[in-house]
Amino acid sequence: MRVDYVGEGLDVEGLAGTWHEQLVKWFAEAQEAGFPEVNAMVLATANAEGQPSSRTVLCKGFDERGVVFYTNYTSSKSHDLRVMRYASATFPWYAQHRQVHVRGPVEEVAPEETQEYWASRPRGSQLGSWASPQSTVVRDRRVLDDALAAITQRFADDEVVPVPGHWGGWRIQPEQVEFWQGRADRMHDRLRFVLDPVDRSWAVRRIAP
Ligand SMILES: Cc1cc2nc3c(=O)[nH]c(=O)nc-3n(C[C@H](O)[C@H](O)[C@H](O)COP(=O)(O)O)c2cc1C
């Protein structure tokens, strides 16, 4: 269970000019390495009492505005985000001894953008999003299977399944993005882009491992 990390380090000189460009680079390298679901990230939210929850979601896009995922707007995570409006997400790229940690306030993705992504989803996923009251207690599996059958029937004659009102995207608008590269002897590299709240400029800080 003890893995020693060797390999290339991460230095400020080798870092891209923005967190976004650096994430593009590492994302591409994770993809090239052929790992499954490189867009999976662990999303942490907190409820009104400050109690944290985490779960995996799929990142479905990122640009200079932030990191986007899609979910049910009535789920536990969305309830948390409506109250706290702040999230953190971590891409765990263990096979490369890397992680990227993003945190910041959240906003709902614009309906047009949600619509565009929704249209790219397979019909089965679309119907599943209609059928599942995500995060609520259901009596048994049958309830879910019956709900899916009823929704499938409802849209049977429709070529296009519309976006449910209870479904859409969230964008984490980063205030901090940390790139973590494992190194030998637990002397890892941590380079963190930090947003200045006043002039909105970014600085890079090296953080001790
Ligand atoms: C690999 C993986 C990817 C997932 N992607 C998503 C996703 O993109 N959106 C989503 O709502 N749930 C996704 N889930 C399910 C969530 O982890 C979680 O169970 C669900 O969103 C309900 O979370 P909540 O009750 O905390 O709101 C994924 C789970 C796994 C294991």
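Basis of the calculations
Residues numbered from 1 in each chain as written. Predicted model: local features only at pLDDT ≥ 70, side-chain atom pairs only at ≥ 80, totals over all residues. Heavy atoms only, no water. Near = heavy atom within 4 Å. Polar contact = N/O pair within 3.5 Å; in protein donor to acceptor, adjacent residues only side chain to side chain. Areas by Shrake-Rupley, 256 points an atom, 1.4 Å probe, with all protein chains shown as cover. Helix = DSSP H or I, 4+ residues; strand = E, 2+ residues; numbered from the N terminus. Nonpolar A, V, L, I, M, F, W, Y, C, P; charged D, E, K, R; others polar. Buried < 20%, exposed > 50% of the residue type's maximum accessible area, 1.4 Å probe, protein only. Pairing = 2+ DSSP bridges.

Undergrad: Report on the site of the ligand, specifying residues and quantitative values.
TA: Within the structure, the ligand sits among E37, R55, T56, V57, L58, Y70, T71, S75, S76, K77, Q134 and S135. At 2.6 Å from an oxygen atom of the ligand is found a main-chain nitrogen or oxygen belonging to T56. Contact distances for the ligand include 2.6 Å between an oxygen atom and a side-chain N or O atom of S135. Against a free-state accessible area of 620 Å², the protein chains account for coverage of 63% of the ligand. Taken together, the elements giving at least two residues each to the shell around the ligand come down to β2 (52-63), β3 (66-72) and α2 (76-84). Split by residue class, the shell around the ligand holds three nonpolar, six polar and three charged.

Undergrad: Before we move on, can you summarise the pairing of strand β7 (residues 176-181) with the specific residues and values?
TA: For β7, a buried count of six out of six residues is recorded, marking the element as mostly surrounded by other parts of the structure. Alignment of strand β5 (residues 98-108) against β7, held across six bridges, turns out to be antiparallel. The partner of V100 across the bridge, within β7, is F179. Sheet topology places β7 next to strand β8 (residues 189-195); six bridges connect them, and they run antiparallel. Residue pairing in the sheet places V177 in a bridge with F193 of β8.

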